[in-house]
Amino acid sequence: MPEKVLVTSAWPYINVTPHLGNLVGSILSADVTARYYRLRGDDTMLVSGSDTHGTPIEVEAIKQGITPKALTDHNHARVADLFRRWDTSFDNYTSTESPVHKEFVQKTLLEIQKNGYIFEQESQMLYCEHDQRFLPDRFVEGKCPYCGCEKARGDQCDLCGRLLEPTTLVEPYCVICKNKPTVKTTRHWYIDLSKLSEPLTEYLNTNQQLPANVKNFSLNWIREGLKPRAVTRDVEWGIPAPFKGAEGKTIYVWVDAVLGYVSATIEQCQRIGQPDKWKEFWFNKQAKTLYFVGKDNIPFHTIILPALLLASGQDYNLPWNVSATEFLQFRGQKASKSQRVGIWIDEALEMFPVDYWRFFLIATRPESKDFNFTWAAFADKINADLNDTYGNFIHRTLSFINSKFDAEIPAPTKLDKDDEAVLQAIKEKVEIAAKEIESSWLQSAATTLISLSRVGNQYLNTKEPWNLMKTDKEKAGTIFYVTTQVVKALAIVSSPFMPGTAEQLWQTLNLPGKASESRWSEALIPLEAGHKITKPTPLFHKIEADEAKLDEQLACTRAKMGMQLKQ
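Treat the numbers as computed from the prediction; the structure is a model and nothing was measured.

About the criteria used
- Residues numbered from 1 in each chain as written.
- Predicted model: local features only at pLDDT ≥ 70, side-chain atom pairs only at ≥ 80, totals over all residues.
- Heavy atoms only, no water.
- Buried < 20%, exposed > 50% of the residue type's maximum accessible area, 1.4 Å probe, protein only.
- Helix = DSSP H or I, 4+ residues; strand = E, 2+ residues; numbered from the N terminus.
- Pairing = 2+ DSSP bridges.
- Expected span 1.5 Å × (residues − 1).
- Contact = heavy atoms within 4.5 Å.
- Salt bridge = Lys/Arg side-chain N within 4 Å of Asp/Glu carboxyl O.

1. Some remarks on the pairing of strand 13 (residues 288-294)
- Burial of strand 13 is extensive: seven of the seven residues sit out of reach of the surface.
- The side-chain alternation of strand 13 yields two buried faces, one formed by Lys288, Leu290, Phe292 and Gly294 and the other by Thr289, Tyr291 and Val293.
- Here strand 1 (residues 4-9) runs beside strand 13; their pairing, made up of five bridges, is parallel. By the bridge assignment, valine 7 is partnered in strand 13 with leucine 290.
- Taken together, the five bridges between strand 13 and strand 14 (residues 321-325) define a ladder with parallel strand orientation.

2. With respect to helix 17 (residues 473-494)
- End to end, helix 17 covers 31 Å across 22 residues, agreeing with the expected 32 Å (1.5 Å per residue, within 8%).
- For helix 17, the buried fraction is high: 20 of the 22 residues fall into the buried class.

3. Details of the sheet that holds strand 4 (residues 118-128)
- The sheet built from four strands is open, its strands ordered 5-4-9-10 with antiparallel pairing. Two strands lie at the open edges of the sheet, namely strand 5 (133-134) and strand 10 (229-230), each paired on one side alone.

4. Focus on the side chain of glutamine 485
- For glutamine 485, the position within the fold is in helix 17.
- Here glutamine 485 is in contact with Leu423, Ile426, Pro526 and Leu527, once residues within four sequence places are set aside.

5. Description of the pattern of salt bridges
- In this structure the tally under the stated criterion is 43 salt bridges.
- For the salt bridge of arginine 229 with glutamate 165, the shortest nitrogen-to-oxygen distance reads 3.3 Å. Pair noted here: arginine 229 is in strand 10 and glutamate 165 is in the loop between strand 7 (152-153) and strand 8 (170-174), with a separation of 64 residues, a long-range link.
- Residue glutamate 165 is classed as partly exposed on the basis of its relative accessible area, which comes to 26%.
- Residue lysine 277 pairs with glutamate 280 through a salt bridge whose shortest N-O separation is 3.5 Å.
- Several salt bridges converge on common partners, so that one network encompasses Glu3, Arg40, Asp42, Lys288 and Glu438.

Scope: geometric values only; no functional claims are made or implied.
In C-alpha coordinates:
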(Lines give C-alpha, C1' and ligand atoms only; values in the text may rest on other atoms or scores of the structure.)
Protein backbone atom coordinates (compact mmCIF):
# COMPACT_ATOMS: atom_id res chain seq x y z
CA MET A 1 0.00 0.00 0.00
CA PRO A 2 1.23 3.54 -0.75
CA GLU A 3 2.57 5.35 2.29
CA LYS A 4 1.70 8.85 3.44
CA VAL A 5 4.89 10.90 3.23
CA LEU A 6 5.11 14.57 4.18
CA VAL A 7 8.41 16.12 3.12
CA THR A 8 9.38 19.52 4.50
CA SER A 9 12.29 21.91 4.36
CA ALA A 10 13.33 24.69 6.71
CA TRP A 11 11.57 27.94 5.86
CA PRO A 12 14.17 30.40 4.54
CA TYR A 13 14.34 33.92 5.88
CA ILE A 14 13.74 36.14 2.90
CA ASN A 15 15.43 39.26 4.13
CA VAL A 16 17.79 38.59 1.21
CA THR A 17 18.03 36.06 -1.63
CA PRO A 18 19.07 32.59 -0.38
CA HIS A 19 22.59 31.32 -1.12
CA LEU A 20 23.62 27.82 -2.21
CA GLY A 21 24.18 26.75 1.39
CA ASN A 22 20.56 27.56 2.25
CA LEU A 23 19.42 25.59 -0.77
CA VAL A 24 21.36 22.34 -0.44
CA GLY A 25 20.57 21.39 3.14
CA SER A 26 16.87 22.16 3.05
CA ILE A 27 15.03 23.05 -0.17
CA LEU A 28 17.02 20.93 -2.63
CA SER A 29 17.40 17.92 -0.33
CA ALA A 30 13.66 17.93 0.36
CA ASP A 31 12.85 18.20 -3.34
CA VAL A 32 15.07 15.24 -4.29
CA THR A 33 13.45 13.15 -1.55
CA ALA A 34 9.87 14.12 -2.44
CA ARG A 35 10.50 13.35 -6.11
CA TYR A 36 11.77 9.89 -5.13
CA TYR A 37 8.74 9.07 -2.98
CA ARG A 38 6.38 10.18 -5.75
CA LEU A 39 8.22 7.85 -8.14
CA ARG A 40 7.77 5.09 -5.57
CA GLY A 41 4.02 5.67 -5.80
CA ASP A 42 3.52 7.05 -2.30
CA ASP A 43 1.00 9.75 -1.40
CA THR A 44 3.61 12.48 -1.07
CA MET A 45 3.31 16.15 -0.21
CA LEU A 46 6.18 18.67 -0.25
CA VAL A 47 5.61 21.87 1.73
CA SER A 48 7.59 24.84 2.94
CA GLY A 49 7.39 28.60 2.70
CA SER A 50 9.04 31.95 3.18
CA ASP A 51 9.75 32.99 6.75
CA THR A 52 8.54 36.56 6.45
CA HIS A 53 8.52 37.49 10.14
CA GLY A 54 11.15 38.01 12.80
CA THR A 55 13.96 40.38 13.49
CA PRO A 56 16.10 39.56 10.40
CA ILE A 57 13.28 40.96 8.28
CA GLU A 58 12.84 44.08 10.40
CA VAL A 59 16.59 44.75 10.48
CA GLU A 60 16.87 44.49 6.69
CA ALA A 61 13.75 46.64 6.16
CA ILE A 62 15.21 49.35 8.41
CA LYS A 63 18.47 49.25 6.46
CA GLN A 64 16.55 49.66 3.19
CA GLY A 65 14.20 52.31 4.55
CA ILE A 66 11.04 50.36 3.66
CA THR A 67 8.35 48.51 5.62
CA PRO A 68 8.79 44.82 6.47
CA LYS A 69 5.67 43.99 4.46
CA ALA A 70 6.98 45.74 1.35
CA LEU A 71 10.27 43.85 1.71
CA THR A 72 8.68 40.44 2.27
CA ASP A 73 5.97 40.75 -0.39
CA HIS A 74 8.63 41.52 -2.99
CA ASN A 75 11.14 38.93 -1.78
CA HIS A 76 8.60 36.14 -1.33
CA ALA A 77 7.40 36.46 -4.92
CA ARG A 78 10.99 36.59 -6.16
CA VAL A 79 12.21 33.62 -4.09
CA ALA A 80 9.18 31.49 -5.01
CA ASP A 81 9.95 32.17 -8.68
CA LEU A 82 13.62 31.29 -8.16
CA PHE A 83 12.68 27.97 -6.56
CA ARG A 84 10.53 27.21 -9.61
CA ARG A 85 13.54 27.95 -11.80
CA TRP A 86 15.52 25.49 -9.66
CA ASP A 87 12.90 22.87 -10.64
CA THR A 88 11.64 22.36 -7.09
CA SER A 89 8.34 20.47 -7.01
CA PHE A 90 6.56 22.05 -4.04
CA ASP A 91 2.92 21.18 -3.61
CA ASN A 92 2.70 24.30 -1.48
CA TYR A 93 5.37 26.95 -1.07
CA THR A 94 3.55 29.45 1.08
CA SER A 95 4.40 32.26 3.52
CA THR A 96 4.10 32.97 7.21
CA GLU A 97 1.87 35.88 6.15
CA SER A 98 -0.75 33.36 5.00
CA PRO A 99 -4.08 33.88 6.80
CA VAL A 100 -4.34 30.10 7.28
CA HIS A 101 -0.97 30.10 8.99
CA LYS A 102 -1.69 33.06 11.25
CA GLU A 103 -4.98 31.56 12.41
CA PHE A 104 -3.39 28.16 13.08
CA VAL A 105 -0.50 29.62 15.11
CA GLN A 106 -2.78 31.72 17.30
CA LYS A 107 -5.22 28.84 17.84
CA THR A 108 -2.44 26.38 18.72
CA LEU A 109 -0.79 28.73 21.22
CA LEU A 110 -4.10 29.30 22.99
CA GLU A 111 -4.51 25.50 23.23
CA ILE A 112 -1.02 25.23 24.72
CA GLN A 113 -1.82 27.99 27.22
CA LYS A 114 -5.09 26.26 28.16
CA ASN A 115 -3.14 23.04 28.79
CA GLY A 116 -0.94 24.83 31.33
CA TYR A 117 2.35 25.07 29.41
CA ILE A 118 2.40 28.84 28.80
CA PHE A 119 2.77 31.41 31.56
CA GLU A 120 3.51 35.13 31.71
CA GLN A 121 6.10 36.96 33.73
CA GLU A 122 8.16 40.13 33.82
CA SER A 123 11.72 39.83 32.55
CA GLN A 124 14.80 41.92 31.94
CA MET A 125 15.46 42.70 28.26
CA LEU A 126 18.05 44.75 26.42
CA TYR A 127 16.83 48.15 25.26
CA CYS A 128 18.42 50.66 22.88
CA GLU A 129 17.98 54.20 24.21
CA HIS A 130 19.13 55.66 20.90
CA ASP A 131 16.57 53.81 18.75
CA GLN A 132 13.93 53.65 21.48
CA ARG A 133 13.28 49.92 21.08
CA PHE A 134 13.80 46.58 22.76
CA LEU A 135 16.51 44.40 21.20
CA PRO A 136 15.35 40.80 20.77
CA ASP A 137 17.09 38.19 18.62
CA ARG A 138 18.96 39.71 15.69
CA PHE A 139 18.59 43.29 16.80
CA VAL A 140 21.53 42.61 19.08
CA GLU A 141 24.91 40.95 18.73
CA GLY A 142 27.80 40.27 21.08
CA LYS A 143 30.14 37.55 22.32
CA CYS A 144 28.72 34.08 22.92
CA PRO A 145 28.89 33.30 26.66
CA TYR A 146 29.65 29.65 25.88
CA CYS A 147 32.19 29.56 23.05
CA GLY A 148 33.33 33.19 22.80
CA CYS A 149 32.20 33.69 19.18
CA GLU A 150 32.54 37.42 18.50
CA LYS A 151 29.32 37.77 16.46
CA ALA A 152 26.74 35.71 18.33
CA ARG A 153 23.16 36.90 17.87
CA GLY A 154 20.58 37.49 20.56
CA ASP A 155 18.76 34.25 19.78
CA GLN A 156 21.53 31.84 18.76
CA CYS A 157 25.25 31.39 18.29
CA ASP A 158 26.05 30.09 14.80
CA LEU A 159 29.41 28.73 15.92
CA CYS A 160 28.36 26.42 18.78
CA GLY A 161 24.66 26.16 17.90
CA ARG A 162 23.34 27.11 21.35
CA LEU A 163 20.10 29.05 21.69
CA LEU A 164 20.69 32.27 23.61
CA GLU A 165 18.87 35.06 25.34
CA PRO A 166 19.97 38.64 24.50
CA THR A 167 20.81 39.36 28.13
CA THR A 168 23.34 36.50 28.21
CA LEU A 169 25.52 38.05 25.48
CA VAL A 170 28.89 39.47 26.52
CA GLU A 171 29.52 43.07 25.40
CA PRO A 172 26.24 43.36 23.48
CA TYR A 173 25.50 46.14 20.98
CA CYS A 174 22.54 47.26 18.88
CA VAL A 175 22.97 46.12 15.26
CA ILE A 176 21.28 49.28 13.97
CA CYS A 177 23.23 52.03 15.74
CA LYS A 178 26.07 49.96 17.33
CA ASN A 179 25.43 51.57 20.73
CA LYS A 180 25.58 49.66 24.00
CA PRO A 181 22.06 48.84 25.25
CA THR A 182 20.58 49.26 28.69
CA VAL A 183 18.36 46.78 30.52
CA LYS A 184 14.62 47.37 30.98
CA THR A 185 11.73 45.39 32.39
CA THR A 186 9.05 44.04 30.06
CA ARG A 187 6.37 41.34 30.24
CA HIS A 188 6.44 38.20 28.08
CA TRP A 189 4.67 34.86 27.66
CA TYR A 190 6.79 31.71 28.02
CA ILE A 191 6.44 28.05 27.16
CA ASP A 192 7.69 25.92 30.05
CA LEU A 193 9.92 23.47 28.20
CA SER A 194 11.02 21.87 31.48
CA LYS A 195 7.55 20.31 31.81
CA LEU A 196 8.12 18.56 28.50
CA SER A 197 11.58 17.12 29.21
CA GLU A 198 10.33 13.60 29.87
CA PRO A 199 8.15 13.16 26.75
CA LEU A 200 10.81 14.82 24.59
CA THR A 201 13.47 12.44 25.93
CA GLU A 202 11.20 9.46 25.26
CA TYR A 203 10.52 10.70 21.71
CA LEU A 204 14.22 11.09 20.95
CA ASN A 205 15.26 7.79 22.51
CA THR A 206 12.58 5.76 20.74
CA ASN A 207 12.98 7.38 17.32
CA GLN A 208 15.08 4.91 15.31
CA GLN A 209 15.29 7.09 12.20
CA LEU A 210 17.01 10.14 13.66
CA PRO A 211 20.69 10.38 12.64
CA ALA A 212 23.14 10.01 15.52
CA ASN A 213 24.36 13.62 15.27
CA VAL A 214 20.81 14.96 15.51
CA LYS A 215 19.77 12.66 18.35
CA ASN A 216 22.92 13.22 20.44
CA PHE A 217 22.83 16.99 20.02
CA SER A 218 19.20 17.09 21.13
CA LEU A 219 19.58 14.74 24.08
CA ASN A 220 22.56 16.75 25.33
CA TRP A 221 20.36 19.82 25.26
CA ILE A 222 17.80 18.15 27.47
CA ARG A 223 20.45 16.82 29.88
CA GLU A 224 21.71 20.36 30.39
CA GLY A 225 18.21 21.30 31.51
CA LEU A 226 15.40 22.78 29.44
CA LYS A 227 14.35 26.25 30.51
CA PRO A 228 11.23 28.29 29.83
CA ARG A 229 11.49 30.09 26.48
CA ALA A 230 9.64 33.26 25.52
CA VAL A 231 7.08 32.83 22.75
CA THR A 232 6.44 36.57 22.46
CA ARG A 233 8.58 39.47 21.31
CA ASP A 234 8.54 43.27 21.64
CA VAL A 235 8.55 43.85 17.89
CA GLU A 236 5.87 45.21 15.60
CA TRP A 237 6.26 42.85 12.65
CA GLY A 238 4.86 39.37 13.12
CA ILE A 239 1.78 37.44 14.15
CA PRO A 240 -0.06 39.30 16.95
CA ALA A 241 0.15 37.39 20.23
CA PRO A 242 -3.32 35.98 21.04
CA PHE A 243 -2.96 36.03 24.84
CA LYS A 244 -5.05 38.29 27.04
CA GLY A 245 -3.00 41.34 27.97
CA ALA A 246 -0.42 40.75 25.21
CA GLU A 247 -1.53 43.63 23.01
CA GLY A 248 1.42 45.02 21.02
CA LYS A 249 3.37 41.76 21.32
CA THR A 250 4.10 39.40 18.43
CA ILE A 251 4.99 35.70 18.31
CA TYR A 252 8.64 34.62 18.39
CA VAL A 253 9.59 33.79 14.82
CA TRP A 254 10.82 30.25 15.51
CA VAL A 255 7.54 29.32 17.20
CA ASP A 256 5.73 30.93 14.30
CA ALA A 257 7.80 29.24 11.56
CA VAL A 258 7.93 25.63 12.80
CA LEU A 259 4.15 25.51 13.16
CA GLY A 260 4.10 26.39 9.48
CA TYR A 261 4.73 22.76 8.57
CA VAL A 262 1.23 21.95 9.83
CA SER A 263 -0.47 25.07 8.48
CA ALA A 264 1.10 24.66 5.02
CA THR A 265 -0.34 21.13 4.86
CA ILE A 266 -3.75 22.42 5.95
CA GLU A 267 -3.60 25.21 3.38
CA GLN A 268 -2.69 22.85 0.53
CA CYS A 269 -5.46 20.41 1.38
CA GLN A 270 -7.97 23.27 1.45
CA ARG A 271 -6.73 24.39 -1.97
CA ILE A 272 -7.27 20.96 -3.53
CA GLY A 273 -10.76 20.68 -2.08
CA GLN A 274 -9.92 18.03 0.54
CA PRO A 275 -9.93 20.07 3.76
CA ASP A 276 -9.56 17.06 6.08
CA LYS A 277 -6.80 15.30 4.14
CA TRP A 278 -4.09 17.09 6.15
CA LYS A 279 -4.98 14.88 9.13
CA GLU A 280 -3.76 11.83 7.15
CA PHE A 281 -0.24 13.26 7.34
CA TRP A 282 -0.37 14.62 10.89
CA PHE A 283 -2.42 12.07 12.88
CA ASN A 284 -2.07 8.79 10.96
CA LYS A 285 0.66 6.98 12.92
CA GLN A 286 1.83 5.15 9.80
CA ALA A 287 2.63 8.43 8.03
CA LYS A 288 6.19 9.68 7.71
CA THR A 289 7.16 13.32 8.26
CA LEU A 290 10.62 14.18 6.93
CA TYR A 291 12.45 17.43 7.74
CA PHE A 292 15.51 18.77 5.94
CA VAL A 293 17.47 21.49 7.74
CA GLY A 294 20.94 22.87 8.38
CA LYS A 295 22.70 21.78 11.56
CA ASP A 296 22.09 25.18 13.16
CA ASN A 297 18.35 24.47 12.99
CA ILE A 298 18.42 21.10 14.77
CA PRO A 299 17.00 22.24 18.16
CA PHE A 300 14.05 24.01 16.57
CA HIS A 301 12.96 20.75 14.90
CA THR A 302 13.82 18.21 17.61
CA ILE A 303 13.00 20.28 20.71
CA ILE A 304 10.86 23.36 19.95
CA LEU A 305 8.51 21.85 17.33
CA PRO A 306 7.93 18.55 19.19
CA ALA A 307 7.39 20.52 22.40
CA LEU A 308 4.72 22.67 20.78
CA LEU A 309 2.99 19.66 19.23
CA LEU A 310 3.07 17.71 22.51
CA ALA A 311 1.86 20.67 24.55
CA SER A 312 -1.11 21.20 22.24
CA GLY A 313 -2.54 17.86 23.41
CA GLN A 314 -3.68 17.04 19.87
CA ASP A 315 -1.58 13.85 19.37
CA TYR A 316 0.22 15.19 16.31
CA ASN A 317 2.85 13.06 14.62
CA LEU A 318 6.27 14.14 15.82
CA PRO A 319 9.12 14.39 13.28
CA TRP A 320 9.82 10.91 11.88
CA ASN A 321 13.24 11.99 10.65
CA VAL A 322 15.27 15.20 10.76
CA SER A 323 18.14 15.26 8.29
CA ALA A 324 20.61 17.99 9.21
CA THR A 325 23.52 18.91 6.98
CA GLU A 326 26.78 20.49 7.96
CA PHE A 327 27.73 23.84 6.40
CA LEU A 328 28.60 24.62 2.81
CA GLN A 329 31.64 26.86 3.06
CA PHE A 330 32.92 29.26 0.46
CA ARG A 331 36.70 29.49 0.43
CA GLY A 332 36.96 28.42 4.02
CA GLN A 333 34.18 30.67 5.33
CA LYS A 334 30.66 29.65 6.26
CA ALA A 335 28.25 30.80 3.56
CA SER A 336 26.23 33.62 5.10
CA LYS A 337 23.48 35.82 3.76
CA SER A 338 24.05 38.47 6.41
CA GLN A 339 27.83 38.48 5.84
CA ARG A 340 27.45 38.30 2.03
CA VAL A 341 29.71 35.25 1.78
CA GLY A 342 28.88 32.64 -0.87
CA ILE A 343 27.09 32.28 -4.21
CA TRP A 344 23.44 33.28 -4.43
CA ILE A 345 20.85 31.05 -6.10
CA ASP A 346 19.88 33.65 -8.69
CA GLU A 347 23.42 34.34 -9.90
CA ALA A 348 24.22 30.61 -9.99
CA LEU A 349 21.49 30.09 -12.60
CA GLU A 350 22.90 32.91 -14.72
CA MET A 351 26.22 31.06 -14.92
CA PHE A 352 25.32 27.41 -15.54
CA PRO A 353 22.21 25.27 -16.23
CA VAL A 354 20.16 24.26 -13.21
CA ASP A 355 20.92 20.53 -13.41
CA TYR A 356 24.66 21.22 -13.25
CA TRP A 357 24.05 22.91 -9.91
CA ARG A 358 21.47 20.42 -8.61
CA PHE A 359 23.78 17.49 -9.24
CA PHE A 360 26.88 19.19 -7.86
CA LEU A 361 25.18 20.32 -4.66
CA ILE A 362 23.71 16.89 -3.90
CA ALA A 363 26.90 15.06 -4.95
CA THR A 364 28.89 17.19 -2.47
CA ARG A 365 26.09 17.56 0.12
CA PRO A 366 27.84 18.17 3.48
CA GLU A 367 26.34 15.20 5.30
CA SER A 368 29.08 14.38 7.81
CA LYS A 369 31.40 17.40 7.63
CA ASP A 370 31.50 20.89 6.16
CA PHE A 371 32.21 21.10 2.44
CA ASN A 372 34.38 23.88 1.03
CA PHE A 373 33.14 25.13 -2.33
CA THR A 374 35.77 25.80 -4.97
CA TRP A 375 35.41 26.23 -8.70
CA ALA A 376 37.86 23.36 -9.16
CA ALA A 377 35.55 20.99 -7.26
CA PHE A 378 32.56 22.23 -9.26
CA ALA A 379 34.32 21.80 -12.61
CA ASP A 380 35.58 18.34 -11.65
CA LYS A 381 32.08 17.07 -10.79
CA ILE A 382 30.56 18.45 -13.97
CA ASN A 383 33.34 17.44 -16.32
CA ALA A 384 34.33 14.07 -14.86
CA ASP A 385 31.00 12.77 -13.55
CA LEU A 386 28.29 14.36 -15.67
CA ASN A 387 30.02 14.91 -19.00
CA ASP A 388 32.72 12.23 -19.25
CA THR A 389 30.96 9.40 -17.40
CA TYR A 390 27.17 9.82 -17.33
CA GLY A 391 26.69 11.92 -20.46
CA ASN A 392 29.37 10.16 -22.51
CA PHE A 393 27.95 6.69 -21.83
CA ILE A 394 24.40 7.69 -22.70
CA HIS A 395 25.39 9.56 -25.86
CA ARG A 396 27.64 6.74 -27.10
CA THR A 397 24.88 4.18 -26.63
CA LEU A 398 22.02 6.12 -28.19
CA SER A 399 24.06 7.65 -31.03
CA PHE A 400 25.28 4.21 -32.10
CA ILE A 401 21.77 2.76 -32.02
CA ASN A 402 20.46 5.74 -33.96
CA SER A 403 23.09 5.50 -36.69
CA LYS A 404 23.80 1.75 -36.92
CA PHE A 405 20.49 0.14 -35.96
CA ASP A 406 18.05 2.53 -37.62
CA ALA A 407 17.14 4.05 -34.21
CA GLU A 408 15.66 0.73 -33.04
CA ILE A 409 16.66 -1.15 -29.89
CA PRO A 410 18.42 -4.24 -31.28
CA ALA A 411 17.18 -7.72 -30.36
CA PRO A 412 19.47 -9.61 -27.99
CA THR A 413 20.86 -13.03 -28.82
CA LYS A 414 22.28 -15.28 -26.13
CA LEU A 415 23.48 -13.27 -23.14
CA ASP A 416 26.95 -14.06 -21.82
CA LYS A 417 28.16 -13.66 -18.23
CA ASP A 418 29.28 -10.05 -18.84
CA ASP A 419 25.85 -9.14 -20.21
CA GLU A 420 24.12 -10.79 -17.25
CA ALA A 421 26.48 -9.04 -14.82
CA VAL A 422 25.52 -5.61 -16.18
CA LEU A 423 21.79 -6.39 -15.99
CA GLN A 424 22.30 -7.57 -12.41
CA ALA A 425 24.26 -4.39 -11.62
CA ILE A 426 21.26 -2.33 -12.76
CA LYS A 427 19.03 -4.09 -10.24
CA GLU A 428 21.55 -3.79 -7.42
CA LYS A 429 22.37 -0.14 -7.93
CA VAL A 430 18.73 0.92 -8.34
CA GLU A 431 17.97 -0.80 -5.03
CA ILE A 432 21.02 0.75 -3.35
CA ALA A 433 20.09 4.25 -4.54
CA ALA A 434 16.56 3.78 -3.18
CA LYS A 435 17.83 2.74 0.26
CA GLU A 436 20.28 5.66 0.31
CA ILE A 437 17.57 8.21 -0.49
CA GLU A 438 15.24 6.69 2.10
CA SER A 439 18.05 7.00 4.66
CA SER A 440 18.70 10.63 3.56
CA TRP A 441 22.21 9.76 2.37
CA LEU A 442 21.64 11.77 -0.79
CA GLN A 443 25.31 12.33 -1.54
CA SER A 444 25.81 8.57 -1.60
CA ALA A 445 22.76 8.14 -3.84
CA ALA A 446 24.22 10.63 -6.34
CA THR A 447 27.47 8.64 -6.30
CA THR A 448 25.51 5.44 -6.95
CA LEU A 449 23.82 7.11 -9.93
CA ILE A 450 27.18 7.91 -11.48
CA SER A 451 28.55 4.47 -10.64
CA LEU A 452 25.73 2.88 -12.66
CA SER A 453 26.74 4.89 -15.73
CA ARG A 454 30.36 3.95 -15.01
CA VAL A 455 29.36 0.28 -15.16
CA GLY A 456 27.90 0.92 -18.60
CA ASN A 457 31.01 2.77 -19.77
CA GLN A 458 33.36 0.04 -18.59
CA TYR A 459 31.18 -2.61 -20.23
CA LEU A 460 31.29 -0.76 -23.56
CA ASN A 461 35.05 -0.28 -23.33
CA THR A 462 35.59 -3.96 -22.58
CA LYS A 463 33.23 -5.32 -25.24
CA GLU A 464 34.07 -2.80 -28.00
CA PRO A 465 30.85 -3.44 -29.98
CA TRP A 466 31.91 -1.01 -32.74
CA ASN A 467 34.64 -3.50 -33.67
CA LEU A 468 32.07 -6.33 -33.83
CA MET A 469 29.79 -4.62 -36.35
CA LYS A 470 31.53 -6.20 -39.36
CA THR A 471 32.16 -9.65 -37.87
CA ASP A 472 29.27 -10.24 -35.43
CA LYS A 473 26.55 -7.59 -35.70
CA GLU A 474 24.14 -9.71 -33.65
CA LYS A 475 26.52 -9.72 -30.69
CA ALA A 476 27.10 -6.01 -31.10
CA GLY A 477 23.33 -5.58 -31.03
CA THR A 478 23.11 -7.60 -27.82
CA ILE A 479 25.68 -5.32 -26.20
CA PHE A 480 23.70 -2.22 -27.15
CA TYR A 481 20.47 -3.86 -26.01
CA VAL A 482 22.10 -4.28 -22.59
CA THR A 483 23.46 -0.73 -22.43
CA THR A 484 20.05 0.63 -23.41
CA GLN A 485 18.62 -0.98 -20.27
CA VAL A 486 21.24 0.92 -18.26
CA VAL A 487 20.21 4.14 -20.01
CA LYS A 488 16.55 3.61 -19.17
CA ALA A 489 17.40 2.94 -15.52
CA LEU A 490 19.50 6.11 -15.46
CA ALA A 491 16.54 8.13 -16.77
CA ILE A 492 14.44 7.03 -13.77
CA VAL A 493 17.14 7.25 -11.09
CA SER A 494 18.26 10.66 -12.42
CA SER A 495 14.80 12.15 -12.13
CA PRO A 496 14.95 13.22 -8.45
CA PHE A 497 18.42 14.75 -8.90
CA MET A 498 18.28 16.23 -12.41
CA PRO A 499 14.62 16.41 -13.48
CA GLY A 500 15.27 18.42 -16.64
CA THR A 501 17.97 16.04 -17.83
CA ALA A 502 15.80 13.03 -17.00
CA GLU A 503 12.92 14.42 -19.08
CA GLN A 504 15.23 15.10 -22.03
CA LEU A 505 16.53 11.55 -21.82
CA TRP A 506 12.98 10.17 -21.46
CA GLN A 507 11.95 11.96 -24.65
CA THR A 508 15.03 10.71 -26.49
CA LEU A 509 14.09 7.17 -25.47
CA ASN A 510 10.64 7.94 -26.93
CA LEU A 511 8.81 6.77 -23.82
CA PRO A 512 5.23 7.84 -23.01
CA GLY A 513 4.44 10.54 -20.47
CA LYS A 514 7.18 11.97 -18.29
CA ALA A 515 10.01 10.43 -16.32
CA SER A 516 8.79 12.23 -13.20
CA GLU A 517 5.33 10.65 -13.61
CA SER A 518 6.70 7.15 -14.04
CA ARG A 519 7.52 4.70 -11.25
CA TRP A 520 10.84 3.85 -9.63
CA SER A 521 10.19 0.19 -10.42
CA GLU A 522 10.07 1.11 -14.11
CA ALA A 523 13.88 1.33 -13.97
CA LEU A 524 13.97 -2.49 -13.91
CA ILE A 525 11.50 -3.08 -16.76
CA PRO A 526 13.50 -3.63 -19.98
CA LEU A 527 13.01 -1.63 -23.14
CA GLU A 528 11.78 -4.07 -25.74
CA ALA A 529 13.71 -4.90 -28.89
CA GLY A 530 12.40 -2.94 -31.86
CA HIS A 531 11.46 0.10 -29.75
CA LYS A 532 12.21 3.30 -31.67
CA ILE A 533 14.24 6.09 -30.11
CA THR A 534 14.78 9.65 -31.35
CA LYS A 535 18.03 11.29 -32.34
CA PRO A 536 20.09 12.05 -29.21
CA THR A 537 21.82 15.32 -28.42
CA PRO A 538 24.56 15.76 -25.79
CA LEU A 539 23.16 16.14 -22.29
CA PHE A 540 26.13 18.07 -20.90
CA HIS A 541 29.15 20.05 -22.02
CA LYS A 542 32.51 20.51 -20.35
CA ILE A 543 33.01 23.75 -18.48
CA GLU A 544 36.03 25.99 -17.96
CA ALA A 545 38.14 24.74 -15.06
CA ASP A 546 40.15 27.93 -14.58
CA GLU A 547 39.45 29.40 -11.11
CA ALA A 548 40.40 32.93 -12.09
CA LYS A 549 38.18 32.91 -15.17
CA LEU A 550 35.23 31.52 -13.22
CA ASP A 551 35.75 34.16 -10.53
CA GLU A 552 35.70 36.77 -13.27
CA GLN A 553 32.52 35.25 -14.71
CA LEU A 554 30.87 35.40 -11.27
CA ALA A 555 31.93 39.04 -10.83
CA CYS A 556 30.54 39.93 -14.26
CA THR A 557 27.30 38.12 -13.46
CA ARG A 558 26.93 40.06 -10.22
CA ALA A 559 27.65 43.35 -11.94
CA LYS A 560 25.12 42.60 -14.67
CA MET A 561 22.44 41.55 -12.19
CA GLY A 562 23.10 44.59 -10.05
CA MET A 563 22.49 46.81 -13.04
CA GLN A 564 19.27 44.95 -13.88
CA LEU A 565 17.97 45.35 -10.32
CA LYS A 566 18.60 49.10 -10.43
CA GLN A 567 16.72 49.55 -13.72
